[in-house]
Amino acid sequence: MTPIDFVGSPVPSLGVEWEFALTDKRTGDLSNSAAALFELVGDRFPLLASDQHAGRNGKVHKELLRNTVELVTGICRNTGEAVADLSETLGAVRELTDELGIDLYGAGTHPFAEWSTQLLTEGHRYAELIERTQWWGRQMLIWGVHVHVGIDRRDKVLPILDSLLNYYPHLLALSASSPMWSGQDTSYASNRAMMFQQLPTAGLPFQFTRWDEFEKFVSDQKTTGIIDHTNEIRWDIRPSPHLGTIEVRVCDGATNIDELSALVALIHCLVVDLSRRLDAGEELPTMPPWLVQENKWRAARYGLDAIVICNRELDERLVTDDLAALLKRLEPIADSLDCGAELAGISRIVDRGASYQRQRAVFARTGSMREVVASVVAEL
């Protein structure tokens, strides 16, 4: 068994990855235009492009399918810095998408696109994934937001990860933006959450209590050929040992900057709160996996109307009521991280309705899934 080093972050740094679909301006359908977009990025904004020869990761990344682009930040101190970083990259990329006749579409799924017309990004890693996963892999017309938070010590990682699962339904309900699939309403707030867990190594994480258990798991996965690298463990929340972070991958794609800011601030505050409670000698609250699994399903199905299980004692509460209490408790943490204004955006999501609710309202009013796409594009 090979030890896995965790390169701790001395401060609770922040990094954000925001996935977008590319849609045709005229039809609203998905557009396999990523290669042309990346070429333009390389020509016009070379510092944003990835360059393996120069050892530069860049801030505009490829994904599995050619209908997708991912914008990433550098290492940031707080939500405001991360959002400013993303906004700058977003502005540059949008200049280029207009030239190509495409839009950036920021939701968890596309309401009517067909998987069979989508093209795979060139690369051995992507081809191998599709070869292994076949039909389910080709169905992955899904987009999300991933948030990295720096953790200072390895022994904190698994306790924080396990306790974060208590807030899984809150994050999913707030971000849910994938109610429609292949031309019909699924009756789920987040169909993306249900789709993605079909892939091997995806879905909810195992709840290990010791780091050597995680190391044994990774060793078993590599020995049996399930993965070649730890980044192929596609859990909804996972350690990123080489970055010194916990990566929260729960959220559906964000449809606008305000909601993205709120979600990033909430995740940052939750992780820092749990880290500080560990420093104070507190044992963090957790729930058994069967309750975590049920909460994930409830949030995916009912969104902000979900009644969630709050603790091991099986107390239940409407997720929005629990969020109100949570936001009050996190106010001092938000002040210390200078993200109080961004965290306040969580209440605006609840008041305005989450993206899945707004998409359904557009469809109820217009009867057109093309108009749903247009509304998501317009929000950005």
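What you see is a predicted model, and the numbers here were worked out from it, not measured in a lab.

Rules used throughout
Residues numbered from 1 in each chain as written. Predicted model: local features only at pLDDT ≥ 70, side-chain atom pairs only at ≥ 80, totals over all residues. Heavy atoms only, no water. Phe/Tyr/Trp six-rings, centres within 6.5 Å; stacked < 30°, edge-to-face > 60°. Helix = DSSP H or I, 4+ residues; strand = E, 2+ residues; numbered from the N terminus. Buried < 20%, exposed > 50% of the residue type's maximum accessible area, 1.4 Å probe, protein only. Lys NZ or Arg CZ within 6 Å of the ring centre and 35° of its normal. Pairing = 2+ DSSP bridges. Core = buried A, V, L, I, M, F, W, Y, C linked by side-chain atoms within 4.5 Å.

K.L.:
Would you mind going over the packing of aromatic side chains in detail, with residue names and values included?
P.N.:
Here the structure, examined in full by the defined rule, presents 13 aromatic pairs. Judged by centre distance (6.3 Å) and plane angle (85°), the rings of Tyr 188 and Trp 297 are edge-to-face. Note that Tyr 188 is positioned in the loop between strand 7 (184–185) and helix 6 (191–196) and Trp 297 in helix 9 (residues 289–302), a separation of 109 residues in sequence. Its relative accessible area of 31% is what places Trp 297 among the partly exposed residues. Aromatic side chains Phe 208 and Trp 235 sit 6.4 Å apart centroid to centroid with 45° between the ring planes, which places their arrangement in the tilted category. In this pair, Phe 208 is assigned in the loop between strand 8 (202–203) and helix 7 (211–223) and Trp 235 in strand 9 (residues 234–235), connecting sequence segments 27 residues apart. Members of the aromatic cluster, connected to one another through ring pairs, are Phe 6, Phe 206, Phe 208, Trp 211, Phe 214, Phe 217 and Trp 235. The ring of Tyr 188 carries the charged tip of Arg 301 above its face, separated from the ring centre by 5.9 Å.

K.L.:
Just give me the short version of the pairing of strand 5 (residues 144–150), but keep the residues and values in it.
P.N.:
Of all the seven residues making up strand 5, seven are buried; the element is thus mostly covered by neighbouring parts of the structure. Where strand 1 (residues 14–24) meets strand 5, five bridges bridge the pair, whose relative direction is antiparallel. Residue pairing for strand 5: Glu 17 is matched across the bridge by His 146. Alignment of strand 5 against strand 11 (residues 245–252), held across six bridges, turns out to be antiparallel. Each residue of the ladder has a partner; that of Val 145, found in strand 11, is Cys 251.

K.L.:
Pulling in residues and values, what's your account of the nonpolar core?
P.N.:
Residues Phe 214 and Leu 266 are the most contacted members of the largest nonpolar core, which totals 97 residues. If one sorts the elements of this core by residue count, helix 8 (residues 257–279) sits on top with 12 residues. Judged by nonpolar contacts, the second largest core, of 18 residues, contains Ala 21, Ala 107, Leu 199 and Val 373.

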